[in-house]
Amino acid sequence: MIEMQDVYMTYPNGVVALNGVNVTIEQGEFVYIVGPSGAGKSTFTKMLFRETVPTDGTVQVNNKDLIKLKWKEVPYFRRNIGVVYQDFRLLPKLTVYENIAFALEVIEETPKNIRKRVMSVLDQVGLKNKARFIPDELSGGEQQRVAIARAMVNRPALLIADEPTGNLDPDTSWEIMSILEEINASGTTILMATHSKEIVNTVKKRVIAMEDGRIVRDEHRGEYGYEI
Ligand SMILES: Nc1ncnc2c1ncn2[C@@H]1O[C@H](COP(=O)(O)OP(=O)(O)OP(=O)(O)O)[C@@H](O)[C@H]1O
């Protein structure tokens, strides 16, 4: 599902964020990306939904060569990828329902299908009763659940989560982890960049460690491996 070969990324300011990355991730895997701040984790994840284009190398996702993908093909390609961030990124003036429905309205789903899918995904994250709330009326954990629901409403094959528990307390973080595990159990590939030693060492998955733009470790059921 994901294949990177000799991927280099040098930002216009000269910073080398990826320095020769080679990796293969199969459909259905759950992978943590760990490493010190500035190691290149976010840059790595951004390559996968064409937020960033490498300066060299090849990136394939869902059998699509992202280097050759034309700009006008990017929105269609992204429908098959959900993205969740540390800071939730919900639209503050829209209700929970509207925040999620928005992703379907732009692809011109029928109102009936939109309603069915939004309610089903809200049920999946346990927030059916908060459909009419706005983000400010929700706790951080609830907001992150809405963000996950929004990311999943198109039923993507890949879910990318960039520090999804970074703004949450430990109890809420475990709730988010169990939702991500359920999503993974239904076949969605999950790639999660994280600084949480506790999560990585407790919920054992494949661990890819990055340092200075390189993969320095890649282990199944691996450890976090850093002190903080
Ligand atoms: N848009 C950008 N322009 C220039 N440099 C950038 C840009 N984005 C990231 N960088 C630099 O690239 C390097 C890798 O950054 P990246 O955000 O990928 O690291 P990270 O491992 O995700 O860090 P963190 O754990 O702090 O989120 C850093 O030195 C960063 O300053």
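Preceding this paragraph is the structure being described.
Residues numbered from 1 in each chain as written. Predicted model: local features only at pLDDT ≥ 70, side-chain atom pairs only at ≥ 80, totals over all residues.

**Some details on the sheet that holds strand β8 (residues 189–193)**
Link 1 in the chain: The strand order β6-β7-β8-β3-β9-β10 describes an open sheet built from six strands, whose pairing is mixed. With one partner strand each, in any of the chains shown, β6 (81–85) and β10 (214–219) form the two edges of the open sheet. In this sheet, adjacent strand axes meet at a mean angle of 15 degrees when their direction is disregarded.
Link 2 in the chain: Bridge count between strand β3 (residues 30–34) and strand β9 (residues 206–211): four bridges; the pairing is parallel. Looking at the pairing, Tyr 32 lines up with Val 207 of β9.
Link 3 in the chain: The sheet strands contacting helix α6 (residues 170–185) are β3, β7 (158–162) and β8, and the helix crosses β8 at an angle near 150 degrees. (Pairing = 2+ DSSP bridges. Helix = DSSP H or I, 4+ residues; strand = E, 2+ residues; numbered from the N terminus. Axes fitted to C-alpha atoms, helices over the stretch in contact; angles between N-to-C directions. Contact = placed C-beta atoms within 7 Å.)

**Section: the packing of helix α5 (residues 140–152) against α6**
Link 1 in the chain: One way to put it is that α5 packs onto α6 with a least axis distance of 9 Å and a crossing angle of 15 degrees. When the axes of α5 and α6 are compared, the pair comes out roughly parallel. Read as a crossing pair, α5 and α6 show a hand that is right-handed. For the pair α5 and α6, contact is made by Gly 140, Gly 141, Gln 144, Arg 145, Ile 148 and Met 152 and by Thr 172, Glu 175, Ile 176, Ile 179 and Ile 183, respectively.
Link 2 in the chain: Grouping the amino acids of the contact of α5 with α6 by side-chain chemistry returns five nonpolar, four polar and two charged. (Parallel < 35°, antiparallel > 145°, perpendicular 65-115°, else oblique. Left-handed = near helix turned anticlockwise from the far one by under 90°. Nonpolar A, V, L, I, M, F, W, Y, C, P; charged D, E, K, R; others polar.)

**A closer look at the sheet that holds strand β4 (residues 56–61)**
Link 1 in the chain: One open sheet holds the four strands; their spatial order is β2-β1-β4-β5, and the pairing between them is antiparallel. The open sheet is flanked by β2 (16–25) and β5 (64–65), the only strands paired with a single partner.
Link 2 in the chain: Pairing analysis gives five bridges linking strand β1 (residues 2–10) to β4, with the strands arranged antiparallel. Across the sheet, residue Tyr 8 finds its bridge partner in β4, namely Asp 56.

**Overview of the site of the ligand**
Link 1 in the chain: Within the structure, the ligand sits among Tyr 11, Asn 13, Val 15, Ala 17, Gly 35, Ser 37, Gly 38, Ala 39, Gly 40, Lys 41, Ser 42 and Thr 43.
Link 2 in the chain: In terms of residues, the shell around the ligand owes the most to one element, helix α1 (residues 41–48), which gives three residues.
Link 3 in the chain: Tallied by class, the residues present in the shell around the ligand amount to four nonpolar, seven polar and one charged. (Near = placed C-beta within 6 Å.)

**What to know about helix α4 (residues 111–124)**
Link 1 in the chain: Taking 1.5 Å per residue as the helical rise, α4 with its 14 residues ought to reach 20 Å, and the 20 Å between its terminal C-alpha atoms agrees with that figure.
Link 2 in the chain: Residues of α4 that are buried: Ile 114, Arg 117, Val 118, Val 121 and Leu 122. Across the axial projection of α4, the buried residues extend over an arc of 130 degrees, all falling on one side. Away from its buried face, by an angle of more than 90 degrees, α4 presents the exposed residues Lys 112, Asn 113, Lys 116 and Asp 123.
Link 3 in the chain: For α4, the secondary structure elements touched by its buried residues are α3 (96–105) and α5. (Expected span 1.5 Å × (residues − 1). Buried ≥ 20, exposed ≤ 12 C-beta atoms within 10 Å, placed from the backbone. Arc of directions from axis to C-beta.)

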